[in-house]
Amino acid sequence: MLRIKCPCCGPRDHDEFRYGGDASVTRPAHDDPDPEAWYRYVYIRTNPAGPHREFWQHVTGCRQWLVVERDTRNHAVASVDFARKLRARKSTLRKSPA
C-alpha cells in the first residue's frame, strides 16, 4: 500500500488522498489563446518509469494540496511538500530582473 507522509498529519494511507495530476507540467497562462498549448497541457502526458512529481490532496485530513515525488516503479515516496511552495518557487523564477 502507498503511504504518504503528510507534513501536517503524518504518515497516512493513500486512501485518504486524491490524486491531482502531474506536478511537472506547466499550465498555460489563463489568457493564452493558443489551442495547441491547452491541448498539450490537458491531453499529452508522458508515462515515466522512475521518479515523478504528482499533486495529491489530503481530502480526509487537513485538505492541503501536496507535491509528492515518488518512484513509479515501486511507489517509494522520496519527498512530500506543500503545493503552495511549488507555486511560490515558480513565480519567483518567472520574474525578470529589474
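Residues numbered from 1 in each chain as written. Predicted model: local features only at pLDDT ≥ 70, side-chain atom pairs only at ≥ 80, totals over all residues. Heavy atoms only, no water.

Caption draft 1: Seen up close, the nonpolar core. Judged by nonpolar contacts, Leu2, Ile4, Cys6, Phe17, Trp56, Leu66, Val68 and Phe82 together constitute the single largest core of eight residues. Counting residues per element, the ones that place at least two in this core are β1 (3–6) and β5 (65–71). (Core = buried A, V, L, I, M, F, W, Y, C linked by side-chain atoms within 4.5 Å. Buried < 20%, exposed > 50% of the residue type's maximum accessible area, 1.4 Å probe, protein only. Helix = DSSP H or I, 4+ residues; strand = E, 2+ residues; numbered from the N terminus.)

Caption draft 2: Representation of the pairing of β1. Residues Ile4 and Cys6 line the buried face of β1, whereas the alternating positions Arg3 and Lys5 sit on a face that is not buried. Judged from the four bridges that link them, β1 and strand β2 (residues 10–13) form a sheet pairing that is antiparallel. Bridge pairing links Arg3 to Asp13 in β2. Linking β1 back to β2 in an antiparallel pair, the connection comprises three residues. (Pairing = 2+ DSSP bridges.)

Caption draft 3: The packing of aromatic side chains, seen in detail. Summed over the entire model, instances satisfying the criterion amount to three aromatic pairs. With a centroid separation of 5.4 Å and an interplanar angle of 75°, the aromatic rings of Tyr19 and Trp56 are classed as edge-to-face. Residue Tyr19 is found in strand β3 (residues 17–22), and its partner Trp56 is found in strand β4 (residues 51–58); the two are separated by 37 residues along the sequence. On the basis of relative accessible area, Tyr19 is assigned to the partly exposed category, the value being 44%. Accessibility expressed as a relative area gives 8% for Trp56, which makes it buried. (Phe/Tyr/Trp six-rings, centres within 6.5 Å; stacked < 30°, edge-to-face > 60°.)

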